[in-house]
Amino acid sequence: MKHTLTPIIDLPQPEKPYLPPHDHRPIWEMTPAEFGEFQVTPLSKGADSVWIWERTTPGQAKSVAQVNWGMELGDGSRLTDTRHALRLEWAKKLMALITHAPVDGVAPAAGSMGRYHRAINWLLSWMAQRGMQTPNELDVDAYLEDLPRYISERADEDEITFTQVQLSLKIIPYLWSERRLLTKWGVPTLHQAPFREHGTNYYARILATKARGWIPPLPDEVVVPIFNNVAWWLGQPAEDVLALMKYVEDPLAGTEIEVMTGKHKGIRKLKAGYGGVARRRRNGRFFADFVFSILPGESKPWHAALDETKKDEKGPYAQIRLLFEAVRDACAMSIQGMSGMRISELMGIEAGFDAVSGLPRGVRIELSASGLYELFVIRTLLSKTEAGLPREMDWVLGARPKGSMDEPLPVRALRLLNRLHEPWQSHAPTPRLLLAMRCGAGFVTKNTGLAAMGTTAMRDSMKRFIARWVDLSGLPDESQHKIKDNDLIEWRESKGHVFKSHMLRKSWAQFMFAVDPSLMPAIQLQFHHLSMAMTDSGYIGSNMSLLNDMDSVATQARNLMILESVLGRNTLAGRMGEELEQATQKLAEQVKGLPTTDAYKEVVKFCEHAQLPIFFSPHGACMPMKTHEMRCQDEAGTSLLLRKQPNARTRQPSLCAGCGCFVLDARHADFWAARYLDNWLAYKRAERSGDVSGYKVIKERAEQAGKLLKKIGVKVLQLDRQIEMTLEAKHVPA
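A brief look at the structure comes next. (Residues numbered from 1 in each chain as written. Predicted model: local features only at pLDDT ≥ 70, side-chain atom pairs only at ≥ 80, totals over all residues. Heavy atoms only, no water.)

**A word on helix α28 (residues 669-689)**
The end-to-end C-alpha separation of α28 is 30 Å, in line with the 30 Å expected for 21 residues at 1.5 Å each. Just past α28, the residue glycine 690 takes up positive phi, approximately 90°. (Helix = DSSP H or I, 4+ residues; strand = E, 2+ residues; numbered from the N terminus. Expected span 1.5 Å × (residues − 1).)

**Some remarks on the environment of isoleucine 698**
Tracing the chain through its elements places isoleucine 698 in helix α29 (residues 696-711). Spatially, the C-alpha atom of isoleucine 698 lies 9.7 Å from that of leucine 681, the residues being 17 residues apart in sequence. Beyond its immediate stretch of four places on either side in the chain, isoleucine 698 contacts Asn679, Ala682 and Tyr683. (Contact = heavy atoms within 4.5 Å.)

**Regarding the side chain of lysine 482**
Its place among the elements puts lysine 482 in the loop between α17 (455-469) and α18 (489-494). Looking at lysine 482, the relative accessible area reads 8%, which means it is buried. Here lysine 482 is in contact with Asp487, Leu560, Leu563, Glu564, Arg569 and Thr596, once residues within four sequence places are set aside. (Buried < 20%, exposed > 50% of the residue type's maximum accessible area, 1.4 Å probe, protein only.)

**A few points about the environment of arginine 180**
Here arginine 180 lies in helix α7 (residues 179-184). Residue classification places arginine 180 among the exposed residues on the basis of a relative accessible area of 55%. Taking the C-alpha atoms as reference, arginine 180 lies 9.2 Å from valine 103; in sequence the two are 77 residues apart.

**Thoughts on the packing of helix α9 (residues 220-233) against helix α19 (residues 502-513)**
Running from N to C, α9 and α19 point in directions that differ by 95°, and their axes come no closer than 12 Å. Between α9 and α19, the angle is such that the two are roughly perpendicular. For the pair α9 and α19, contact is made by Asp220, Val223 and Phe227 and by Leu504, Ser507, Gln510 and Phe511, respectively. A per-class count over the contact of α9 with α19 returns 4 nonpolar, 2 polar and 1 charged. (Axes fitted to C-alpha atoms, helices over the stretch in contact; angles between N-to-C directions. Parallel < 35°, antiparallel > 145°, perpendicular 65-115°, else oblique. Nonpolar A, V, L, I, M, F, W, Y, C, P; charged D, E, K, R; others polar.)

**Describing the pattern of salt bridges**
Close approach of charged atoms lets side chains of opposite charge pair. Evaluated as defined, the whole model comprises 33 salt bridges. Ionic pairing is found between arginine 328 and aspartate 329, a salt bridge with its closest N-O pair at 3.1 Å. With respect to class, arginine 328 is no different from aspartate 329; both count as buried. Salt-bridge contacts for glutamate 589 lead to lysine 592; the nearest nitrogen and oxygen are separated by 3.4 Å. Under the relative-accessibility criterion, glutamate 589 is labelled exposed at 54%. One network of salt bridges, in which partners are shared, links Arg364, Glu366, Arg379 and Asp394. (Salt bridge = Lys/Arg side-chain N within 4 Å of Asp/Glu carboxyl O.)

**Comments concerning the packing of aromatic side chains**
Throughout the structure, instances matching the rule amount to 23 aromatic pairs. Pairing phenylalanine 35 with tryptophan 185 gives two aromatic rings, centres 5.1 Å apart and planes at 85°, and the pair type is edge-to-face. With phenylalanine 35 in helix α1 (residues 32-37) and tryptophan 185 in the loop between α7 and α8 (200-212), this residue pair connects regions lying 150 residues apart in the sequence. Like tryptophan 185, phenylalanine 35 is buried. (Phe/Tyr/Trp six-rings, centres within 6.5 Å; stacked < 30°, edge-to-face > 60°.)

**Comments concerning unusual backbone geometry**
Phi at asparagine 486 takes a positive value of approximately 55°, unusual for a residue other than glycine. Its location among the elements puts asparagine 486 in the loop between α17 and α18. In this structure, lysine 495 takes a positive phi of about 55° despite not being glycine. Residue placement: lysine 495 occurs in the loop between α18 and α19.

**A closer look at the sheet that holds strand β13 (residues 620-622)**
Across the sheet, which stays open at both edges, the 3 strands sit in the order β12-β13-β14 with antiparallel pairing between neighbours. Unpaired on one side and paired on the other, β12 (615-617) and β14 (662-663) mark the two borders of the sheet. With 2 bridges connecting them, β13 and β14 associate as antiparallel partners. Residue pairing for β14: cysteine 622 is matched across the bridge by phenylalanine 662. (Pairing = 2+ DSSP bridges.)

Limitation: the analysis is restricted to geometry and does not speak to function.
Right, here's the structure in full:
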């Protein structure tokens, strides 16, 4: 009988860490020279500046299986720099113990080394910032307290996630678990268990929430020139660039054209060639004849003629590519910065137009609850912070009064992006609106160099837009409303390289509270209509992502208001403002003389402990601490138990000004100055005409505005002179 052998199937074996044999003694007993020659991995020795492990999972990137000891720390220095020698020494020893002699007997897999690299970077960057050299100097409580601010400054994502915070805590438990061998190896370490009451997951959940509240909006001094520049590019410059892009389509290819030939310059009709040489000749003539527009108020075109740029080694193509990217990036920043969407949702927008409405794909018009506004809404895939599969989410791009024909800037931006990418959309291998072109300084004509643009590429391009087109050279050292000293120096010196796309979302929320008068009228109108429509439609309350941003910015604005008050930079007014000044006297003494960053941290702790709620509006803020005195809720007849926030329907300036929950500061001066001027002018005109009957309320409003302005330090006499000049001008004979 024949016997058949059953083939043995090789089952995949669990990955085993590399544990080389010790030659003569344990690693913690080795001299520095011996450890330098020790084979910590099959590919690296202890003295190497990069420890590399063999990757066992196909397709893994190199970075997931290595620790680069030349890593750049948070202050721009390298861990291998001389001043970090002690930090580098103990960090290498700790990693050697974790991988060769872990206390629990389980060494980490090669594919996890990238996470250890990042975790070491987080911790050592913070320790270097605080001047701490060895683990025994580490103040874990101070690290936990500082992490929200620290993470928000380092994160380059739209959200602060649980995983990010967990990564920042990853190394600390090892400083305790490996303490016995670390001490034997000459590394002084922690004196007590760092997470005695709760594990790292608990702190990660708490700190991730707090960190979101530390992500700042763009400083006013930065965001105003950025948005003004964005709006400028969306005007006639964009139309000129679109006209310039016709060279990509090359409509003359294959058609009959007249050309000069021979000595006698005869004219012949020839078929225009498709080849590269013929195409470049036609492009050259097109570029030489192209003239950029002269903008209103200017005397010459906004851009030099392209034939003047031919001396550039890359020729006109590089110039055209820069202009193309400028319009594209301005459109992208307009959409994200004026809708509040994440950059991932921005990149998910599809190309094309709706055949029925004529609007860009995904965009529709809805009426607000009162019917006074038309809302332009776009539906995208919400790809982050949601459990399970991505789901659709609506984002309001803008609003306009019903019956108006104007379109908000983000809608125009979508139209421009579709027109800008039109030469490639028909043969692009993706339906996405924003395309990446891997073609150097020029433009591709085939689909081989096209793909959907990624979020990282878009973020980098936004930074280049700011560096190229937004002049930040004249910025002062500090913003008017700073939370750290010399906060604008890094913007000025880096030419905006410190920009992060999630700052646009925070700035969107900030502009919902008040429109900066230094913005262009078009942007003011955009945010004014948005603010009115948001209250009218209740849209923000239905979009949890934006609700979180609004809450975060409101919390930051509250903290900043208290900070400036206790530092003596800003006077509070209103009944609640007077009470806050009394309640923060002790805090003011505590922060006196501290650096602004440390003072801000103390203010944050005070506000969180007191749990001060706040709701902003252009005319002031409401802190509903005395719910029984909320005049807007009295008007609405709301039960005391339901008074959690001001009533948007009944809330109005005159009512708020006498409310026990009302507080305002210098940020609201423009509103009350305009109210003072308008009401006094109306009353004075009536007074000159000899009939002030029916103007009692108007006079009371003016007087009320004047009292509040004086309280926050505004010189009302200057406004009075303005009123007199306006009245006198009316009576000057023509």
